[in-house]
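Observations on the three-dimensional arrangement
Chain by chain, the residues run as shown.
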Protein chains: 4
Amino acid sequence: MGNSLGKLLTVTSFGESHGRGVGVVLDGCPAGLPVTVTEIEREASRRWPGQAGATARAEPDKVEILSGVFQGRTTGAPICLLTWNRDVDSGAYRELVTMPRPGHADYTARVRYGGFNDFRGGGRFSGRITAPLVMAGAIARKLLGLKGMEIMAHVTEIGGIKARPADIAAIREQAGQDPLRCADLEAAARMLELISRTGQAADSLGGVIEGVALNLPAGLGEPVFDNLDGELAKALFAIPAVKGVEFGAGFAAAGMKGSENNDPYAISGGKVVTLTNNAGGVLGGISSGMPLVVRVAVKPTPSIGREQPTVDLEKRENTVITVRGRHDTCIVPRAVAVVEAMMALTISDFALRAGIIPRVLT
Amino acid sequence: MGNSLGKLLTVTSFGESHGRGVGVVLDGCPAGLPVTVTEIEREASRRWPGQAGATARAEPDKVEILSGVFQGRTTGAPICLLTWNRDVDSGAYRELVTMPRPGHADYTARVRYGGFNDFRGGGRFSGRITAPLVMAGAIARKLLGLKGMEIMAHVTEIGGIKARPADIAAIREQAGQDPLRCADLEAAARMLELISRTGQAADSLGGVIEGVALNLPAGLGEPVFDNLDGELAKALFAIPAVKGVEFGAGFAAAGMKGSENNDPYAISGGKVVTLTNNAGGVLGGISSGMPLVVRVAVKPTPSIGREQPTVDLEKRENTVITVRGRHDTCIVPRAVAVVEAMMALTISDFALRAGIIPRVLT
Amino acid sequence: MGNSLGKLLTVTSFGESHGRGVGVVLDGCPAGLPVTVTEIEREASRRWPGQAGATARAEPDKVEILSGVFQGRTTGAPICLLTWNRDVDSGAYRELVTMPRPGHADYTARVRYGGFNDFRGGGRFSGRITAPLVMAGAIARKLLGLKGMEIMAHVTEIGGIKARPADIAAIREQAGQDPLRCADLEAAARMLELISRTGQAADSLGGVIEGVALNLPAGLGEPVFDNLDGELAKALFAIPAVKGVEFGAGFAAAGMKGSENNDPYAISGGKVVTLTNNAGGVLGGISSGMPLVVRVAVKPTPSIGREQPTVDLEKRENTVITVRGRHDTCIVPRAVAVVEAMMALTISDFALRAGIIPRVLT
Amino acid sequence: MGNSLGKLLTVTSFGESHGRGVGVVLDGCPAGLPVTVTEIEREASRRWPGQAGATARAEPDKVEILSGVFQGRTTGAPICLLTWNRDVDSGAYRELVTMPRPGHADYTARVRYGGFNDFRGGGRFSGRITAPLVMAGAIARKLLGLKGMEIMAHVTEIGGIKARPADIAAIREQAGQDPLRCADLEAAARMLELISRTGQAADSLGGVIEGVALNLPAGLGEPVFDNLDGELAKALFAIPAVKGVEFGAGFAAAGMKGSENNDPYAISGGKVVTLTNNAGGVLGGISSGMPLVVRVAVKPTPSIGREQPTVDLEKRENTVITVRGRHDTCIVPRAVAVVEAMMALTISDFALRAGIIPRVLT
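These figures come from a predicted structure and were not determined experimentally. Sequence positions are assigned chain by chain, starting from 1 and proceeding in written order. All chains are assigned letters beginning with A, and all ligands numbers beginning with 1, in the order in which they are written. In view of the model being predicted, local features appear only for residues whose pLDDT reaches at least 70, and side-chain atom pairs are presented and counted only at 80 or more, with totals across whole chains, interfaces and linings using the full set of residues.

1. Comments concerning the packing of helix 1 (residues 37-45) of chain D against helix 3 (residues 130-146) of chain D
Residues and elements named next belong to chain D. Orientation is described by lines fitted to C-alpha atoms, with helices fitted over the stretch in contact, and by angles between N-to-C directions that extend from 0 to 180 degrees. In this text, helices come from DSSP runs of H or I with a minimum length of four residues, and strands from runs of E with a minimum of two, each type numbered from the N-terminal end. Here helix 1 crosses helix 3 at 130 degrees, and the two axes come no closer than 8 Å. Classified by the angle between their axes, helix 1 and helix 3 sit oblique to one another. Two packed elements cross with a definite hand, and for helix 1 against helix 3 that hand is right-handed. Where helix 1 approaches helix 3, its residues Glu39, Ile40, Glu43 and Ala44 are matched on the opposing element by Ala131, Val134, Met135, Gly137 and Ala138. Each residue gets one of three labels, nonpolar for Ala, Val, Leu, Ile, Met, Phe, Trp, Tyr, Cys and Pro, charged for Asp, Glu, Lys and Arg, and polar for the others, Gly among them. Each residue belonging to the contact of helix 1 with helix 3 can be placed in one class, and the counts come to six nonpolar, one polar and two charged. Here roughly perpendicular refers to angles of 65 to 115 degrees, roughly parallel to angles under 35, roughly antiparallel to angles over 145, and oblique to all remaining angles. If you view the pair so one helix is near and one far, a crossing is left-handed when the near helix is turned anticlockwise from the far one by less than a right angle, and right-handed when it is turned clockwise. Two residues qualify as being in contact provided that their C-beta atoms, derived from the backbone, are within 7 Å of each other.

2. Quick notes on the interface of chain A and chain B
Across the boundary between the two partners, chain A contributes 88 residues, which contact 89 residues of chain B. Element by element, the count of residues in the side of chain A that touches chain B is highest for helix 6 (residues 228-237) of chain A, at six residues. Among the residues making up the side of chain A that touches chain B, the classes are represented as 40 nonpolar, 31 polar and 17 charged. Two elements, strand 11 (residues 242-247) of chain A and strand 11 (residues 242-247) of chain B, share three bridges in a ladder whose sense is antiparallel. When the sheet's bridge partners are listed, A:Val245 is paired in strand 11 of chain B with B:Val245. Between any two strands, at least two bridges found by DSSP are needed for them to pair.

3. Concerning the relation of the copies chain A and chain B
Note on the identical chains: chain A maps onto chain B by a rotation of 180 degrees and an axial translation of 0.0 Å, with an RMSD of 0.0 Å. Such a combination of rotation and displacement between the chain copies is what one expects of a two-fold axis. The residues that chain A uses at the interface reappear at the interface of chain B in 100% of cases, marking a shared surface. Only residues with pLDDT of at least 70 in both copies count here: their C-alpha atoms drive the least-squares fit that superposes the copies.

4. Examining the nonpolar core
What makes a nonpolar core is a set of buried Ala, Val, Leu, Ile, Met, Phe, Trp, Tyr and Cys residues, with links drawn between C-beta atoms within 7 Å. Burial in this document is a count-based property: other C-beta atoms within 10 Å of a residue's C-beta are tallied, and the residue is buried at 20 or more, exposed at 12 or fewer, or partly exposed in between, with C-beta positions derived from the backbone. Ranked by size, the top nonpolar core spans 472 residues in total, and within it A:Leu236, B:Leu236, C:Leu236 and D:Leu236 carry the most contacts. Ignoring sequence-local partners within four residues, the contact set of D:Leu236 consists of D:Val242, D:Val245, D:Val296, D:Val339 and D:Met342.

5. Examining the confidence of the model for chain A
The pLDDT averaged across chain A works out to 94; a share of 95% of its residues lies at or above 70. Here the complex is predicted with pTM 0.97, and the ipTM for its interfaces comes to 0.96. pLDDT is defined as a per-residue confidence score from the predictor, taking values between 0 and 100.

6. Points about helix 8 (residues 332-353) of chain B
All names here are of chain B. For a helix, the expected span equals 1.5 Å multiplied by the residue count minus one. Helix length check: helix 8 (22 residues) gives 32 Å between terminal C-alpha atoms against 32 Å at 1.5 Å per residue, within 8%. Within helix 8, 22 of the 22 residues are buried, which leaves it mostly tucked inside the rest of the structure. Just downstream of helix 8 lies Gly355, where phi reads positive at about 75 degrees.

7. Observations concerning helix 1 (residues 37-45) of chain A
Residues and elements named next belong to chain A. Within helix 1, burial applies to Ile40, Glu43 and Ala44. Within helix 1, the buried residues cover an arc of 100 degrees as seen down the axis, which keeps them to one side. Seen from the open side of helix 1, the exposed residues pointing more than 90 degrees away from its buried face are Thr38 and Arg42. Each direction from the helix axis to a C-beta atom contributes to the arc, which is the arc of those directions.

8. Re the sheet that holds strand 11 (residues 242-247) of chain D
One key point about sheets: their strands pair by backbone hydrogen bonds, in either a parallel or an antiparallel sense. Read across the open sheet, the 10 strands follow the order 9(C)-8(C)-10(C)-16(C)-11(C)-11(D)-16(D)-10(D)-8(D)-9(D); overall the sheet is antiparallel. Since the sheet does not close on itself, it has two edges, and those belong to strand 9 (161-162) of chain C together with strand 9 (161-162) of chain D, each with one partner. Bridge analysis of strand 11 (residues 242-247) of chain C against strand 16 (residues 292-298) of chain C gives five bridges, and the strand direction is antiparallel. Across the sheet, residue C:Gly244 finds its bridge partner in strand 16 of chain C, namely C:Ala297. Against the sheet, helix 6 (residues 228-237) of chain D touches strand 11 of chain C together with strand 11 and strand 16 (292-298) of chain D, its axis set at about 155 degrees to strand 11 of chain D.

9. Regarding the relation of the copies chain D and chain B
For the pair chain D and chain B, the relating rotation is 180 degrees, the translation along its axis is 0.0 Å, and the fit reaches an RMSD of 0.0 Å. In this assembly, 100% of the residues forming the interface of chain D have copies in chain B that are likewise at the interface, indicating an isologous arrangement.

10. Focus on the interface of chain D and chain B
Many authors give the size of an interface as the accessible area that is lost as the parts come together. Listed by partner, the interface residues are four residues for chain D and four residues for chain B. Taken together, the residues of the side of chain D that touches chain B sort by class into two nonpolar, one polar and one charged.

11. Remarks on unusual backbone geometry
Geometrically, the link from A:Pro223 to A:Val224 is a cis peptide bond, its omega value of 10 degrees lying close to zero. On the secondary structure map, A:Val224 appears in the loop between strand 10 (207-214) and helix 6. One non-glycine residue, D:Arg316, lies in the positive phi region at around 55 degrees. Along the chain, D:Arg316 falls in the loop between strand 17 (307-312) and strand 18 (317-322).

12. Concerning the environment of C:Gly114
Relative to the helices and strands, C:Gly114 is located in the loop between helix 2 (106-112) and helix 3 (130-146). By the C-beta count within 10 Å, which is 20 here, C:Gly114 ends up buried. With residues up to four places along the chain from it excluded, the contact list for C:Gly114 reads B:Ala31, B:Gly32, B:Val360 and B:Thr362.

13. Notes on the environment of C:Thr83
All names here are of chain C. One can find Thr83 in strand 7 (residues 79-84). Looking at Thr83, the number of C-beta atoms within 10 Å reads 23, which means it is buried. When the C-alpha positions of Thr83 and Val22 are compared, they lie 5.6 Å apart, and in sequence the two are 61 residues distant.

14. Side note on the environment of A:Pro309
Within the secondary structure, A:Pro309 is located in strand 17 (residues 307-312). Taking C-alpha positions, A:Pro309 is 38 Å from A:Val11, a pair spaced 298 residues apart along the chain. Excluding its chain neighbours within four sequence positions, the residues that come into contact with A:Pro309 are A:Asn318, A:Val320, B:Pro264, B:Tyr265 and B:Ala266.

Below you can see the structure in the form of structure tokens.
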């Protein structure tokens, strides 16, 4: 259990890093949406923004649409998207069965699944399983686009280097082109240099990704529990390595005064807006109509080419491990597309609940 | 929809701030747990830690157990807990119908519910609805206690004043006694002074609460979506005013290197432990057996006694509002019990899914 | 767990026969629906169609609306409906703790809940818990009425006496007036006589109830699992004593040929209709636009005033029991309102999923 | 939405009759269960009991295990089972786009999905989608077998010919061998003859299947809504062509007296049993420990080789249709394996909720 997300638009994830393949079943997508393999693969390729700090694993992420699309359009039936695994070298993972890698899920997965889990390449806990989530997200983004809603994410921090605040145009254009998905090209250059240096030191880096959703109507969200921020947070914590989620001013709001943090209302162009957006577009768990702004903290890649203390779970004694195999120095840029996908899937679900996206498109 | 939380232990919330009462239905509680009105009311009183910055609303939070408890023990049937509302002065809220208070859910609720929502006292969006959640949490904490699991939360920051890191003993004893729920009594004194000063300036303060769960067995969590951190985050975002959730090192992990952030394993007393706990007790969405550590950012109380810009939603023009009525300068200490309750409810659910807590107690 | 039903319109049941009260939380009801205590109580009184075979328990079924209704209209927040218990004599139930009554849930409940269940009056397994379901159903019926949808049920068989087939007008008018809820008044007279005779013989009777839903649009239902017939069946099996559910020709279809059972299509008044309705208005789990027709088999009341073989669960030996206390000779007429309520709740949920009923009424 | 079933053991269905393939994702299966392709395919072949009345479609139902099984055992991760489609001739289905076949879901699916549904071979509404359900059921049956629970189903009626009541041994052995899955070989011979005659007359037959679950412990079921009979009924109504579900005496109970229908308790071999089983093993929605007995009514195959009245949905006028292509005269024997699968999946879920089957097998 636990591998499905969403109420009216439900995504069910399956597959392991080094098994036959990874996939999703997307259930509840309205009928009539044009969908092509090409556009899904294009979206999936966004998980591979560039070479900086990324593994050499050659993975074109071809998608097979096994169901739910007929004559180029969604049918309303569940859409199964599958991408086969290839180019897998599982040899490097044998010793992990008994010696858990620090920072990875090796130990917790072993306990949870009694040692029956597929440990190769991290198995179910690999970033690989986000590939079909991004594919499903491509469909969700198209749904949102029908109503003018737009999702974009960008890197705002890597290894302590913070990007300057960027406006929407810069995020949309510059971050989309940049191999680090950073809208501040000057900061990006420094991040790149830091990644290179850190990789040479057999170490790794984390960072922060900011997601922005534009043109959401006010009124999305089902308080008190299925609220917009709570459901988004849950979806974002499904991304491996995410350790924190905040909206708008987030943790900084804890240090602000009410008079600073409250966003004053105003009429602008006939619409109700707020003059600031410390709320990040969500109040009482419901969208306010302002841009939805969420940030996630991504921890540094746990795989590092250094000797680390660990334990031998069978001998029950301390030992050391050196993780071999390919690994990214910094996975943050690759996670940008996944943040967008999880946002798109969650917000589409709320738009369906609100009846804004109908269940048959005409 | 959206007012139920949990899979095997489900809490359904109902009620409004100035309606008849507020309550919950707790479904899935194992049969045979001793439960008394007294202990639930004692737990509920923890939402009223002291007078500092709190409203004068005299609210003893008496509970009525309407179902699910028989001869002093839970029966396995749904437990309905109800607390009647009293001492309500709704006069101050009339103008809010058309003039939304900045930082509150007035505007988003109005849009979401077409203006039919009960706006009195914030209605469904009031902190008042957390009272029965704390009552349900009292039952969940007893369940966890059967297996030696313990939940505690404390205030680590108010208005920018940070408490020094505290050990478990200090949190358990000092924070529990302190009116601000802060384990660092020196910091607490400064916080108290700042609250007093801020209240006199008709302003308000936010802060940070840290929750700790002890003695969780390794192996709780259902990745990839119903994982331990994601479900906790969703539960915590149901608390009004929470704007961020992070685990372990959280956002700080984004600035760390892998070699710093990875928690090395070791055998200690025959058990597998980690020498640090940057993961906050959760890896791959599954508990590691180390203390679970989560922090939430609480924004400053939006109600402040100052004139603020807003709009008249009927006249569609800019105006100003001054919020009247009672309000807390700093709600953070009162939210500590709610953080504990949401943690207890969520972790109990996972313990039930894992079969650690049986469905009949003997 | 297990005490909630529905996806977008969710009803959560709580309470026991001889506890404080019985109630429901109805979550997901659109905002803006006019609702009064009077009309809910009127609907609840339909569980008391007459005196024939009914217990003497004086139960006016007063409702308290604890939440979710403000200024006479639903707010979109959860609606808690509560009816207090009164006039309870629990003395007759003491011996049931160890000696289960044949045909009742005494034994299975004891095993399921480890003996902690509230056994008084059947506790959670009493027909009493259907009272608030009928109250919630009253709200659902109003929702359906907004779109011209109508639910009605009637008794088609009691104790082997079958009513002649009735047309909609007869069901609507005659069955509604008849104390046995039977549209065939001649059959009803014979049923009444049989009930009287059977009661004198300290025995009981079952029967069949047919539910009809009119003016459902074609296209309601979410195959393959959340289909219209499956969800209705699940809802109807929640009614105590229901042992079978069939749609349209039902079990009789098993003996028909395809050429007899297939309903031919025709255009009538510009609409697509079928010339027969063996399908009972549902094909492939989706409504066809024809009247939805479902029948439920209700077993005879298990409480009979005769000595019956049972076991002493503590002594582990055979014994006999004579059930004391009030009981209906035939509960079937009283269950008619419950069938209607479960149909109304389920169909409303599908109408919400289809977007036919909006989430804010204007 | 609507294509997932189950709470702790969840099966998600995807695929269409003439698309790429049909499959399921089975989530929540305990880790450590030995599973082979061979045994799943053997179970799947039980959908093809013999040639009597079955289509000529050559469908070996090969399964691919795409995930969730590693080194011959389940891992606890979602298990994706896929069977590719082959040998599909979609030509015969073109005209169905505008001319719905009586008794099929063509019309309701078209309305529900706005005409975007894959109509070829019935698409999502084909019996073909039950193939992977039987595959998933094979895994569920193995789970139940670990605890000695056994599921079997058999044909008790075809075209009005009723089989004599059979004991468990006869069902287990004779029905399993018989091409019609009927334990009464004399009745089976007459059924076979009737099927042959009816097929020659270009007509079709329905029937009744009885499912029996043995060795269920008392205490399975989550009243009031997630009860054992309600959940089973919902699962069984997901099988195409099922029009009725009854437990134990079922509809016959409606005509019985309480004194006849009540099952008296007795101690037998130290265990609590009932001397009759009119309840069909379920009381108050909870298993009693007696054999669970459920019957489903299967309507006659709607595809018949005769001209039938229908409508042209575009011209909005009456017309006639003659269904071409392959079709079974009587699908009932093939549905026996599907009844068993749906029972196995549902009962496994309850056994998991009860903690009887642990989530890691050792």
